[in-house]
Amino acid sequence: MDRALRTLRDTLDELIRDDPIAAMRAAAQAEALARDAAQRAVAAACITAQASWTDVGAAFGVSRQAAHQRFARHVRSARR
């Protein structure tokens, strides 16, 4: 995973130098992909692994309250 993230960073850095507009579009796509993956991962962790909001907050570097505010609706939706 670390290698894939380094490759993504390096690719974006190269695009920033060579074609900033393309870099902006690629960064927006990566951001959307990461946001979706985060929502699905949190829902799975809460539902199948009984992760707590404290666990989720620690993973994202925020408080449990902030984690709940950000992800609770995704967990509820996944339970349906």
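Everything here concerns the structure above.
Residues numbered from 1 in each chain as written. Predicted model: local features only at pLDDT ≥ 70, side-chain atom pairs only at ≥ 80, totals over all residues. Heavy atoms only, no water.

Let's talk about unusual backbone geometry
So the rule is basically this: A helix here means a DSSP run of H or I that spans at least four residues, while a strand means a run of E at least two residues long, and both kinds are numbered starting from the N terminus.
With phi around 50°, Q50 is a residue other than glycine that occupies positive phi space. Counting through the fold element by element, Q50 comes out in the loop between α2 (20-48) and α3 (53-60).

Regarding the packing of aromatic side chains
Where we set the bar: Side-chain rings of Phe, Tyr and Trp, where Trp is taken by its six-membered ring, are said to pair if the distance between their centres is within 6.5 Å; with planes under 30 degrees apart they count as stacked, over 60 as edge-to-face, and otherwise as tilted.
Counted under the stated rule, the structure contains 1 aromatic pair. Geometrically, the ring pair formed by F60 and F71 is tilted, given 5.0 Å between the ring centres and 45° between the ring planes. With a gap of 11 residues between them, F60 in helix α3 and F71 in helix α4 (residues 64-79) connect regions that are remote in the sequence.

Structural notes on α4
Just so we agree on the cut-off: Bend angle per residue: angle between axes fitted to the 7 residues ending at that residue and the 7 residues starting there. A simple rule labels every residue: compare its accessible area, found with a 1.4 Å probe on the protein chains alone, to the largest value its type can have, and call it buried under 20%, exposed over 50%, or partly exposed in between. Whether two residues are in contact is decided by their heavy atoms, any of which lying within 4.5 Å being enough.
Roughly 55° is the biggest bend found in α4, and it falls at F71. Turning to α4, its buried residues are A67, F71, A72, H74 and V75. For α4, the elements touching its buried residues are α2 and α3.

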